[in-house]
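A look at the structure
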Amino acid sequence: EPEVTQTPSHQVTQMGQEVILRCVPISNHLYFYWYRQILGQKVEFLVSFYNNEISEKSEIFDDQFSVERPDGSNFTLKIRSTKLEDSAMYFCASSLGPILTQYFGPGTRLLVL
Amino acid sequence: AQSVTQLDSQVPVFEEAPVELRCNYSSSVSVYLFWYVQYPNQGLQLLLKYLSGSTLVKGINGFEAEFNKSQTSFHLRKPSVHISDTAEYFCAVSEGAQGGSEKLVFGKGTKLTVNP
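Right, let's walk through the structure included here. (Residues numbered from 1 in each chain as written. Chains lettered and ligands numbered in written order. Predicted model: local features only at pLDDT ≥ 70, side-chain atom pairs only at ≥ 80, totals over all residues. Heavy atoms only, no water.)

Some remarks on the overall build of chain A
Just so we agree on the cut-off: Put simply, DSSP H or I for four residues or longer makes a helix, DSSP E for two residues or longer makes a strand, and each gets a number counted from the N terminus. Just to be clear, the radius of gyration here is over C-alpha atoms, and the globule rule we use is 2.2 Å times residues to the power 0.38. Think of it in three bands: with a 1.4 Å probe and only protein chains considered, a residue is buried below 20% of the maximum accessible area for its type, exposed above 50%, and partly exposed in between.
On a plain count of helices and strands, chain A comes out with 0 helices and 11 strands. When the helices and strands of chain A are placed in sequence order, the string is β-β-β-β-β-β-β-β-β-β-β. Taken over C-alpha atoms, the radius of gyration comes to 13 Å for chain A, in line with the 13 Å a tight globule of 113 residues would show. Per-residue burial for chain A yields a buried fraction of 48% across its 113 residues.

Set out below in structure tokens:
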């Protein structure tokens, strides 16, 4: 069964450093998403991406964040200058279309020191 | 703005007992409703979803949920739980295209612990 994959599974970084989180969505999916879950809190939407552009973003997704689909298979989330409060589990998801099931990856646990 | 409330943060039950995990939502438009499960150290897996049609939705692992529009609820039920059902369960809502957003808005989650 096809699945969403994410790398790395864990990342530790120093405050102020740039990180890139990688995702490989399900191959025929067209909509891509990033969510995050700070420890002990709810899963929060960050951004959705369709047709090579951002279709929606949350207030969390400020200028420090960017997304890219550099090729036909990867979908990346970049945090330019990490802050302590960026420590969270980041989930990538993909779907065939709007309102259709979003399939989530296993997540990347980011720890900013 | 849409929101999801899961009233119970933790639900302990004994094996083979029935369980109900509660979910209420608020939205100004019609919504689509989902339950996801997160096993320890894993990602989110879809249990079931309501898009339209029958208000009783059956999902994987013997779970079902009932959409109640008048009570704005989408409670998750299982008649007899197993130890392996121990996990965190998230209710989520999406307003879809008519709401102008396909993002999922999640509740805080309910940690289900099944004891022997």
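Having seen it, we continue.
Examining the interface of chain A and chain B
To keep things clear, this is the line we draw: The contact rule is simple, with two residues in contact once any of their heavy atoms fall within 4.5 Å. Buried area counts how much accessible surface, traced with a 1.4 Å probe, disappears from two parts once they are put together, with both parts' losses summed. Put simply, a salt bridge is a Lys or Arg side-chain nitrogen that is within 4 Å of an Asp or Glu carboxyl oxygen. Polar contact is the term for a pair of N or O atoms within 3.5 Å; when the atoms are in protein, one must be able to donate a hydrogen and the other to accept it, and sequence-neighboring residues count only if both atoms are side-chain atoms.
On the side of chain B, 22 residues touch chain A, which itself brings 18 residues to the contact. Buried area between chain A and chain B, summed over both chains or domains, comes out near 1,700 Å², and the portion from carbon and sulfur atoms is 59%. At the junction of chain A with chain B, the criterion picks out 1 salt bridge. Run the count over chain A and chain B and you get 3 residue pairs in polar contact (both at pLDDT 80 or more). Taken together, the elements giving at least two residues each to the side of chain A that touches chain B come down to strand E4 (31-37), strand E5 (43-50) and strand E6 (53-57) of chain A.

Quick notes on the pattern of salt bridges
All names here are of chain B. A complete count under the given rule lists 9 salt bridges over all chains for this structure. The partner of Arg77 in a salt bridge is Glu66, and the shortest N-O contact between them spans 3.6 Å. Here the residue Arg77 occupies a position in strand E9 (residues 73-78), and Glu66 occupies one in strand E8 (residues 64-68), the gap between them amounting to 11 residues. Overall, Glu66 belongs to the partly exposed group, its relative accessible area being 34%.

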